[in-house]
Amino acid sequence: MTVTTLGPCRFRSPRSGFVSEDERVPANIIRGPGRDDDPGPLFELAGPREMLFFDPPRVRAGIVTCGGLCPGLNNVIRSLVRELHGGYEVREVIGFRMGYGGLDPRNHHEPVVLHHSSVDDIHQQGGTILGTSRGPVDVAAAVDNLIRRKIDMLFCIGGDGTQRGAFAIYEACKARGHALAVVGVPKTIDNDVLYVDRTFGYLTALEEARHVIDAAHNEARSVENGVAVVKVMGRHAGFIAAGATIASQDVNFTLVPEVPFRLDGEHGFLAAVIERVRDRGHAVVVVAEGAGQDLFPAEPKATDASGNVKLKDIGPFLAKAIGEAFAAAKLPLTLRYFDPGYQIRSRPANCEDAVLCDMFARQAVHAAMAGKTGMVVGQLHGTFIHVPTALIASGAKQLDTDGLFWHSVLAANQQPDRFG
Ligand SMILES: Nc1ncnc2c1ncn2[C@@H]1O[C@H](COP(=O)(O)OP(=O)(O)OP(=O)(O)O)[C@@H](O)[C@H]1O
Ligand SMILES: O=P(O)(O)OC[C@H]1O[C@](O)(CO)[C@@H](O)[C@@H]1O
Ligand SMILES: [Mg+2]
């Protein structure tokens, strides 16, 4: 599957180290001869193109950040601006404010002009200098505004919702014959974006989660029968819970959305916690926010402003259940509860994420200058690629519970494969 290009490329690039349009990266690893393995989609390689669709000095670029905060948003903004200005000598870069809401002039979020110097040290701050939001977008009004402002390329930094919004903008521009390059940069601490080995923000989230787990472990093991419960983010995927478990090696129970669990019964989660505390005197539980949602009564699901289902709060629910189980077993308990979600995602990027943000941003600029549109910069097998936005929006990545990563979790925490 190839990415759409806006038209013939007529301008010579000022960059070097060009990649060819013919190189492809397969989604799947071919496991060996004699097997009928499906390579899956074949993705274009990211990188500078020799010929460009846009004439760099005439380009007007726009940047928008949407959805929840994530470490590295400012790094991406900075590297986009620096590559546009420094690499291609683009004269005008505009930052739309407060997410997609800022694309609609009726919301009165006046965009800001981003200069080389105005992004100088923003990478040292968490959050996003442009502001962000959730909530509905009037795509027609957004596209009217982009056309009126003569924007040639729009960089949409955000998660799955943002990329679905980017796709709607891309389709509306196509229908109206406006040559806008819509290029996404995949953001989320949850790391649940398809065709992206690692989204930016994920490793910073692990590092921060590990600090909290260290604290939880110290609390739990310093008291009699200490149990610490740490809730981390991860709506539909347990990558943060799993990765932090492996990084910390001090977690005893890791609960993720991909593995349903039972609380009660001989082989249930609560019996396992009691056994662990009887045996070792303390326990550390890490739970992803999307885990165990089936333990709550089924009722109509509320949604947030963007249409994301509001999850039931599994953390306090588990803490209460553990308290009741210890009481029933007439066992003393000291329970500590940690919910560091916002503390984690508002941090500045760590070193690995800073590198990834810069790489993603520069590949996004190369793609847009070559007229690529309706695409997101991805990364597979350590290689940067162009992924059609339609594919990114087709689903979400989850933990492979038969894979190496989850097996490392089970090896680290020694919990059974299943509870109940
Ligand atoms: N199908 C869609 N069409 C148009 N806009 C959409 C669509 N889905 C989501 N959006 C818009 O994209 C923006 C960001 O979506 P959302 O709040 O779900 O965050 P996200 O990008 O998924 O990031 P996070 O990982 O933090 O949830 C919102 O303004 C939302 O209204
Ligand atoms: O409180 P908010 O802003 O709705 O965001 C919470 C969500 O954001 C995420 O961190 C994704 O950005 C999810 O893991 C979490 O469910
Ligand atoms: Mg989302």
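On a predicted model such as this, the values are computed, not experimentally measured, just so you know.

**Things to note about the site of ligand 1**
Step number 1: Neighbouring ligand 1 are 20 residues; Gly 68, Gly 135, Asp 160, Thr 162 and Ser 306 lie closest to it.
Step number 2: At 2.4 Å from an oxygen atom of ligand 1 is found a main-chain nitrogen or oxygen belonging to Gly 135.
Step number 3: One of the side-chain nitrogen or oxygen atoms of Lys 187 is found 2.8 Å away from an oxygen atom of ligand 1.
Step number 4: Contact with the protein chains covers 84% of the free accessible surface of ligand 1, which is 630 Å².
Step number 5: Among the detected pockets, ligand 1 sits in the largest pocket.
Step number 6: Considering each element in turn, the shell around ligand 1 owes the most residues, five residues, to helix H3 (residues 160–176).
Step number 7: Of the residues contributing to the shell around ligand 1, the split by class is four nonpolar, 11 polar and five charged.

**Remarks on helix H5 (residues 239–248)**
Step number 1: Among the 10 residues of H5, eight are classified as buried, and the element is accordingly described as predominantly covered.
Step number 2: Structurally, H5 contributes buried residues whose contacts are with helix H4 (202–221), strand S11 (226–232), strand S12 (253–255), strand S13 (282–288) and helix H11 (404–413).
Step number 3: The first or second residue beyond H5 is Gln 249, which carries a positive phi of 65°.

**Concerning the layout of surface pockets**
Step number 1: Each pocket or cavity is described by its volume, and for the largest pocket that value is around 1000 Å³.
Step number 2: Contributing to the lining of the largest pocket are 42 residues, with Gly 68, Arg 134, Arg 235, Asp 304 and Asn 308 lying nearest its centre.
Step number 3: Every element with two or more residues in the lining of the largest pocket is listed here: H3, S11 and helix H8 (341–345).
Step number 4: If one sorts the elements of the lining of the largest pocket by residue count, H3 sits on top with five residues.
Step number 5: When the residues that make up the lining of the largest pocket are grouped by side-chain class, the tally is 12 nonpolar, 15 polar and 15 charged.
Step number 6: Roughly 680 Å³ of internal volume is contained in the second largest pocket.
Step number 7: The wall of the second largest pocket is formed by 21 residues, among which Arg 31, Asp 197, Lys 397, Gln 398 and Asp 400 lie closest to the centre.
Step number 8: Looking at the lining of the second largest pocket element by element, the count peaks at three residues for H11.

**Side note on the site of ligand 2**
Step number 1: Around ligand 2, the surrounding shell consists of Arg 134, Lys 187, Ile 189, Asp 190, Met 233, Gly 234, Arg 235, Glu 289, Tyr 342 and Arg 345.
Step number 2: Between an oxygen atom of ligand 2 and a side-chain N or O atom of Arg 134, the distance comes to 3.0 Å.
Step number 3: Between ligand 2 and the protein, one listed contact pairs an oxygen atom with a side-chain N or O atom of Arg 235 at 3.2 Å.
Step number 4: When ligand 2 sits alone it has 400 Å² of accessible area, and the protein chains cover 82% of it.
Step number 5: If you map ligand 2 onto the pockets, it falls in the largest pocket.
Step number 6: Classifying every residue of the shell around ligand 2 gives three nonpolar, one polar and six charged.

**What about the confidence of the model for the protein chain?**
Any residue range with low pLDDT should be treated as having predicted coordinates unsuitable for detailed reading.
Step number 1: Averaged over every residue, the pLDDT of the protein chain is 96; residues scoring 70 or more account for 100%.
Step number 2: Overall fold confidence for the complex sits at a pTM of 0.97, while the interface term, ipTM, reaches 0.97.

The rules behind each value
- Residues numbered from 1 in each chain as written.
- Chains lettered and ligands numbered in written order.
- Predicted model: local features only at pLDDT ≥ 70, side-chain atom pairs only at ≥ 80, totals over all residues.
- Heavy atoms only, no water.
- Near = heavy atom within 4 Å.
- Polar contact = N/O pair within 3.5 Å; in protein donor to acceptor, adjacent residues only side chain to side chain.
- Areas by Shrake-Rupley, 256 points an atom, 1.4 Å probe, with all protein chains shown as cover.
- 1 Å grid on protein atoms, 1.4 Å probe; cavity = no way out; pocket = protein on both sides within 12 Å on 5 of 7 lines; lining within 4 Å.
- Sits in = over half its atoms within 2 Å of the grid points.
- Helix = DSSP H or I, 4+ residues; strand = E, 2+ residues; numbered from the N terminus.
- Nonpolar A, V, L, I, M, F, W, Y, C, P; charged D, E, K, R; others polar.
- Buried < 20%, exposed > 50% of the residue type's maximum accessible area, 1.4 Å probe, protein only.
- Contact = heavy atoms within 4.5 Å.
- Points joined across faces, edges and corners; volume = space filled by probe spheres on them.
- pLDDT = per-residue confidence, 0-100.

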